[in-house]
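# Observations on the three-dimensional arrangement
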Protein chains: 2
Amino acid sequence: MSTEVTPESDSERHGGEAATGRRGARRGRRDGPAGIEQPPFRRIFNPYPPMRAVSDDELEAIHQASLTVLEEIGIDFLLPEARDRLKAAGQRVDGERVRFDRGFIEERIRTIPPSFTLHARNPARNVGVGGNEIVVCQIASAPNVSDLAGGRRPGNRRDFQNLVKLGQVLNAIHVFGGYPVEPVDIHPSVRHLEALRDILTMSDKAVHAYSLGRERIEDGIELVRIARGVGREQMEREPSLFSIINSSSPLRLDYPMLQGVITMAEAGQPTVITPFTLAGAMAPVTVAGALVEQNAEALAGLAFSQVVKPGAPVAYGGFTSNVDMKSGAPAFGTPEYMKAALVGGQLARRYNVPYRSSNANAANVPDAQAAWESVFSLWGAVMGGVNILKHACGWMEGGLCASFEKMVMDADMVQMLAAFLDPLVVDDDTLALEAMRDVGPGGHFFGTAHTQARFKTAFFAPMVSDWRNYESWQEAGSPDALTRSAALSDRLIAEWQAPPMDPAIREELDAFVAKRTEQGGAPTDF
Amino acid sequence: MSTEVTPESDSERHGGEAATGRRGARRGRRDGPAGIEQPPFRRIFNPYPPMRAVSDDELEAIHQASLTVLEEIGIDFLLPEARDRLKAAGQRVDGERVRFDRGFIEERIRTIPPSFTLHARNPARNVGVGGNEIVVCQIASAPNVSDLAGGRRPGNRRDFQNLVKLGQVLNAIHVFGGYPVEPVDIHPSVRHLEALRDILTMSDKAVHAYSLGRERIEDGIELVRIARGVGREQMEREPSLFSIINSSSPLRLDYPMLQGVITMAEAGQPTVITPFTLAGAMAPVTVAGALVEQNAEALAGLAFSQVVKPGAPVAYGGFTSNVDMKSGAPAFGTPEYMKAALVGGQLARRYNVPYRSSNANAANVPDAQAAWESVFSLWGAVMGGVNILKHACGWMEGGLCASFEKMVMDADMVQMLAAFLDPLVVDDDTLALEAMRDVGPGGHFFGTAHTQARFKTAFFAPMVSDWRNYESWQEAGSPDALTRSAALSDRLIAEWQAPPMDPAIREELDAFVAKRTEQGGAPTDF
């Protein structure tokens, strides 16, 4: 049913070269030193106050308008169990439509925890969700994958595994936000089992599982519990995987997503309620209107999670953007996207809930457009006070493609941001009056003791940026950022090593996957 | 002495095709509709409070440390006249070295106007310098120029003129910040005459003149006065050109720059005092130390301008960055650059003086690196409260090359920023409750009256970004952002038309250039 590729036997992307311990060394000889310098894996904190794109009064107007939407128009909850729970909680149900009292929403969301720790199987990889922390997630859910050598192709397990290796090796990435590319050569009934086992064995970072019906999310919770080596009670106290809940905008929440909210909340695991409100398509053409819709859908999901289990961890997702006026296609990293990202953060803070945004672009190739749309997205997200930065590394084509090269570029951008967010040290030592006295007018600082003592660590050192002068760069074959990132991606994948895992845990994981596979996996008629 | 190329006879970049009025039409047929949609030329205001990278105490520590530098180490003023003026003002002069009393600096900079209008020969092109306005300047002073078709080549008048045409046509660009590329085929003695006449006749936007000795800057002032058609008295009241003053860091101000400060201040024209403090080279390796040096040099220049003429318009320039640790080459758009840009703005605001920063990158080709370094630079500049955004369009290679394609890309980025800075409208109309009532759960907004009435103008429409799906993009030949920008650059240049100029003024300009050329132009032994 699944392909026969396993993490252990495959570490090769192009051609049929056998994967061995020597491969890295061969690569090393060809491409230079094997070890690529990266800043260490570390948690990122944002010391800056968020930007406010609307006034408090305007924010209140958006909030009140979304309560009016929930009260007068309502939201379609497609899962009967969800409607039953909301009816029992006193809300008006009419067919699939649920209409909410304003006060009910405001009251229920008060039980949402403002922050929580997301546990990885390696505690050194734990991260905090909320406050001023930024959790960086790898791209998720792309149907296609591309690299410079192999071009664009449908998702498959081999590329999936190599992307997981990159996700493990790149220190910029804290968390897997889903499958970096959809491994469509694994049958849908067991894909969640195989793919999550791959991630959990090939990486020791925290993970995501898809809310595609109750069985899949239950399997995901169990796989993560086994990988962490903890009991169910401890799991319930310790968020250890998360799931993105996309509403079917406008104003609709689908079966499998609602099952995800219920199952995750009951298990004490966090969901991120993310409406996809594309202004001019699934949402009003005005940014303010799209935000009203985003907020109505998010509030409905947030309140519902607390109906299921008061205190369940949950986050507010913002994904509002606009369409291309010429084609109707989604656009990202636009001025409208940036403003929506800022207001999304204002709303999440109003509700005292962690905030999710994304590093998005709509380019077809990792070129200048891809980069500027990405940094504009990051600007909106970071200045909007993002806590969960989804699709932070590798996202292309509005999410339709995972790029190996873009992942390396994005990792550099994220590390630059992390360095930018590090506070500037101002003290007698850094003010450097003595160094200026030493050097004096017309001198040069390179040779001073002050410089020599600090030179190697003074500045952020990127992987991709090439700062050689034009002549040296030309002599080296004029490699652009895409070419350099392709070489780096290959070398980084070659650097991957399986993180240690207790053999008993590995055995238990395999046994669980085998048992569930034997049972036929999960239904495919969702 | 100069080449025979004149703005009127040459409008061709590649090959020898004669320039005629029909050329634009031919281009139009070849490349599609002639008119490229751009947002209109307009002034840009930044409604956001600036980011503060250091606390008030830390800012004061940087300020006080730079006063200590000025008091104890001092600055070399290479021009005797400048030293004489400072000695007369009571400061300690020892050889070339001038040491300043702390109180003198603080007192003198108080007479700097917090803002001023920069007048263009077309009053519709006037801009404000200071407050929360952002003035966007084209790239200046690159020794080389490049485009996709012709590659990289030394600066020359033909490319210079085509870049001036782009500067005129691109609505994102408010002001010429100098020569977009150095027209080295014009003899240095008359280059300032020919180049400024080109800019003043081919464009109606405000201009810059180089402080390369007294004669050149005096010629520049006179050329601009003639082009504006005003008398000397009116010129003195109305800033009508500006000049960048770079200190020769560390802690030195050179002859021609000081002559520029004196001549410009006496004529009521603004200078921008911009130290080039590269941490680890001409400045301490710590960002805080480099900022102390930047601030000391800037304060010396600012105070000196007010000694020359109290109330003379002048701005604070920040250009602190770091070197590449591997090569010693300048790097831009780095985390250190961003932080320095933020603190530069904090210092300028402390002194209540307009603030200059730049859109900088160190890439060798307009690729993803160029774009992300640019947007990181813009982030630092805009969030730092920049008033004069130098090198905003076209800068490459740390300033060593002007790129036609990058200029188009940057124009798009600047327009995106301008749209981002436009306040989000939140009112009953944009909150769109009626539209949501119309559409309801599961519907689509495209067909609603609310959408149809706003669709064409709802979103920012970029020139370069390609948002087609991958298949359509591939069918179109997979053009990346560089390729698309090259085509746009050609079309935009073809769209250029000479802005109207009174024939009497044109005659006066030509007569002045002829007279000064006959006199031998300006000395070339500076």
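Just so it is clear, the structure is predicted and the values come from calculations on it, not from any experiment. In this convention, every chain numbers its residues from 1, walking through the sequence in written order. Here chains are named by letter from A upward and ligands by number from 1 upward, in the order in which they appear as written. Since the coordinates come from a predicted model, pLDDT governs what is reported: local features require at least 70, and pairs of side-chain atoms require 80 or more to be given and counted, while whole-chain, interface and lining totals use all residues. Note that the side-chain values use all heavy atoms of the structure and ignore hydrogens as well as water.

Attention now goes to the sheet that holds strand E17 (residues 330-331) of chain B. All names here are of chain B. The mixed open sheet is built from three strands, whose spatial order is E14-E16-E17. In this open sheet, the two edge strands, each paired with only one partner strand, are strand E14 (278-279) and E17. Strands were regarded as paired on the criterion that DSSP finds at least two bridges between them. Each helix corresponds to a stretch of at least 4 residues labelled H or I by DSSP, and each strand to a stretch of at least 2 residues labelled E; elements are numbered beginning at the N terminus. Strand direction decides the pairing type here: strand E16 (residues 321-323) and E17, joined by two bridges, are antiparallel. Counterpart to Asn322 in the pairing with E17 is Ala331.

Here we come to helix H9 (residues 255-266) of chain A. All names here are of chain A. Between its first and last C-alpha atoms H9 spans 17 Å; for 12 residues at 1.5 Å apiece the expected length is 16 Å, and the two agree. Most of H9 is tucked away, with 10 of its 12 residues classed as buried. Turning to H9, its buried residues number three or more, namely Pro256, Met257, Leu258, Gln259, Gly260, Val261, Ile262, Thr263, Met264 and Ala265. Directly beyond the C-terminal end of H9, a positive phi value near 75° is found at Gly268. To estimate how far a helix should extend, the number of its residues minus one is multiplied by 1.5 Å. A simple rule labels every residue: compare its accessible area, found with a 1.4 Å probe on the protein chains alone, to the largest value its type can have, and call it buried under 20%, exposed over 50%, or partly exposed in between.

Attention shifts here to the layout of surface pockets. We place a 1 Å grid over just the protein atoms. Points where a 1.4 Å probe fits but has no way out form a cavity, open points with protein on both sides within 12 Å along at least 5 of 7 lines form a pocket, and any residue with an atom within 4 Å of a point lines it. Grid points are joined across faces, edges and corners, and a volume is the space filled by probe spheres set on the points. Approximately 1600 Å³ is the volume attributed to the largest pocket. Forming the boundary of the largest pocket are 50 residues, of which Phe459, Phe460, Ala461 and Pro462 of chain A together with Met325 of chain B lie nearest the centre. Elements with a minimum of two residues in the lining of the largest pocket: helix H13 (404-421), helix H16 (449-458) and helix H18 (481-495) of chain A together with helix H10 (287-308), E16 and helix H11 (335-351) of chain B. No other element matches the six residues that H16 of chain A contributes to the lining of the largest pocket. Note on residue categories: nonpolar means Ala, Val, Leu, Ile, Met, Phe, Trp, Tyr, Cys or Pro, charged means Asp, Glu, Lys or Arg, and polar means any other residue, Gly included. Residues of the lining of the largest pocket, tallied by class, amount to 26 nonpolar, 10 polar and 14 charged.

Glancing now at the sheet that holds strand E3 (residues 92-94) of chain A. Residues and elements named next belong to chain A. Taken in spatial order, the four strands of this open sheet run E3-E4-E2-E12, and their pairing is mixed. Both edges of this open sheet fall to E3 and strand E12 (252-253), since each of them pairs with a single strand only. As paired elements, strand E2 (residues 75-77) and strand E4 (residues 97-99) share two bridges and run antiparallel to each other. Note that in E4 the partner of Asp76 across the bridge is Arg97. In what follows, residue pairs with any heavy atoms lying within 4.5 Å of each other are defined as contacts. In this description, a line fitted to the C-alpha atoms serves as the axis of each element, helices being fitted only across the stretch in contact, and the angle between N-to-C directions of two axes falls anywhere from 0 to 180 degrees. Contacts from helix H2 (residues 56-73) reach E2, E3 and E4, with the element oriented near 125° to E4.

Attention now goes to the environment of Asn352 of chain B. Residues and elements named next belong to chain B. Among the structural elements, Asn352 can be located in the loop between H11 and strand E18 (355-358). Distance from Asn352 to Thr111, taken between C-alpha atoms, is 10.0 Å for residues 241 residues apart in sequence. With sequence-adjacent residues up to four places away left out, Asn352 is seen in contact with Ile112, Pro113 and Pro114.

Moving on to the relation of the copies chain B and chain A. Note on the copies: chain B fits chain A at an RMSD of 0.0 Å, the axial shift is 0.0 Å, and the rotation between them is 180°. Such a combination of rotation and displacement between the chain copies is what one expects of a two-fold axis. Closest approach to the rotation axis within chain B is made by the C-alpha atom of Ala368 of chain B, at a distance of 2.0 Å. Both copies share a contact surface, since 100% of the interface residues of chain B are interface residues in chain A too. To line up the copies, we fit them by least squares on C-alpha atoms, keeping just the residues with pLDDT of at least 70 in both.

So, about the packing of H10 of chain B against H11 of chain B. Residue and element names in this part refer to chain B. Relative to each other, H10 and H11 sit at 40°, their axes nearing to 10 Å. Judged by the inter-axis angle, H10 sits oblique to H11. Seen along the crossing, H10 lies across H11 with a hand that is right-handed. Across from Val287, Leu291, Gln294, Asn295 and Leu299 in H10, the residues of H11 making contact are Glu336, Ala340, Val343, Gly344, Leu347 and Tyr351. In terms of residue class, the contact of H10 with H11 is made up of seven nonpolar, three polar and one charged. These descriptions rest on fixed angle ranges, namely under 35 degrees for roughly parallel, over 145 for roughly antiparallel, 65 to 115 for roughly perpendicular, and the rest for oblique. In this scheme, a crossing is called left-handed if the near helix is turned counterclockwise away from the far one by less than a right angle; it is called right-handed if the turn is clockwise.

This next bit is on unusual backbone geometry. At the junction of Ser249 of chain A and Pro250 of chain A, the peptide bond is cis and its omega measures out at 0° in the coordinates. Secondary-structure assignment places Pro250 of chain A in the loop between strand E11 (241-247) and E12. Here Leu251 of chain B, not a glycine, exhibits a phi torsion of approximately 60°, which is positive. Looking at the secondary structure, you find Leu251 of chain B in the loop between strand E11 (241-247) and strand E12 (252-253). The exposure class of Leu251 of chain B is buried, given its relative accessible area of 1%.

Quick look at the pattern of salt bridges now. Throughout this description, the term salt bridge denotes a Lys or Arg side-chain nitrogen within 4 Å of a carboxyl oxygen of Asp or Glu. In the structure shown here, the tally under the stated rule is 64 salt bridges over all chains. The salt bridge partner of Glu222 of chain B is Arg225 of chain B, with a shortest N-O separation of 2.6 Å. Placement of both Glu222 of chain B and Arg225 of chain B in helix H7 (residues 214-228) is noted, with a separation of three residues, approximately one turn of the helix. Arg225 of chain B carries the same exposure label as Glu222 of chain B, and that label is buried. By sharing partners, the salt bridges in this structure join Arg157, Glu194, Arg197, Asp198, Arg506 and Asp510 of chain A into a single network.

Next up on the list: the interface of chain B and chain A. In this complex, chain B contributes 115 residues to the contact, which on the side of chain A involves 115 residues. Summed over both partners, the accessible area (1.4 Å probe) lost when two parts come together is defined as the buried area. Between chain B and chain A, the buried area comes to about 9700 Å², and carbon and sulfur atoms account for 73% of it. At the junction of chain B with chain A, the criterion picks out four salt bridges. For Glu72 of chain B, the salt bridge is made with Arg437 of chain A, and the minimal N-O distance between the two is 2.3 Å. By the criterion applied in these results, polar contacts are pairs of N or O atoms within 3.5 Å in which, for protein atoms, one can donate a hydrogen and the other can accept it, and in which residues neighboring in sequence qualify only through two side-chain atoms. Between chain B and chain A we count 30 residue pairs in polar contact (both at pLDDT 80 or more) in total. Looking at which element gives the most residues to the side of chain B that touches chain A, the answer is helix H12 (residues 368-383) of chain B, with 11 residues.

All names here are of chain A. pLDDT expresses how confident the predictor is about each individual residue, on a scale running from 0 to 100. Averaged over chain A, the pLDDT score is 93; the fraction of residues at 70 or greater is 93%. This stretch, residues 1-33, has a pLDDT under 50; its non-local contacts, to residues over four places away or in other chains, come to 58 contacts. The complex prediction reports pTM at 0.94, with the ipTM value standing at 0.93.

Residues and elements named next belong to chain B. Relative to the assigned elements, Asn361 resides in the loop between E18 and H12. On the basis of relative accessible area, Asn361 is assigned to the buried category, the value being 0%. Within the structure, Asn361 has its side chain in polar contact with the backbone nitrogen of Ala363 (distance 2.9 Å). Once you skip the residues sitting within four places of it in the chain, Asn361 turns out to touch Phe332, Ala370, Glu373, Ser374, Trp395, Met396, Glu397, Gly398 and Lys406.

The next subject is the packing of aromatic side chains. Aromatic rings from Phe, Tyr and Trp, taking only the six-membered ring of Trp, are treated as a pair when their centres fall within 6.5 Å; an angle between ring planes under 30 degrees marks them as stacked, one over 60 as edge-to-face, and anything in between as tilted. All told, the structure shown has 36 aromatic pairs over all chains when counted by the stated rule. Ring geometry for Phe276 of chain A against Phe319 of chain A: centres 5.1 Å apart, planes inclined by 65°, an arrangement best described as edge-to-face. Pair noted here: Phe276 of chain A is in the loop between strand E13 (271-275) and strand E14 (278-279) and Phe319 of chain A is in the loop between strand E15 (314-317) and strand E16 (321-323), with a separation of 43 residues, a long-range link. Taking relative accessible area as the criterion, Phe319 of chain A reaches 9% and is therefore assigned buried. Clustering of aromatic rings is evident, with ring pairs tying together Tyr48, Phe376, Trp379 and Phe420 of chain A together with Tyr48, Phe376, Trp379 and Phe420 of chain B.

All names here are of chain B. The N-to-C vectors of helix H5 (residues 157-169) and helix H6 (residues 188-202) enclose an angle of 30°; their axes lie 10 Å apart at closest approach. Accordingly, the angle class assigned to the pair H5 and H6 is roughly parallel. As for the relative orientation of H5 and H6, their crossing is right-handed in sense. Residues Arg157, Phe160, Gln161, Val164, Lys165 and Gln168 of H5 form the contact with H6, whose own contacting residues are Glu194, Ala195, Asp198, Ile199 and Met202. Tallied by class, residues from the contact of H5 with H6 come to five nonpolar, two polar and four charged.

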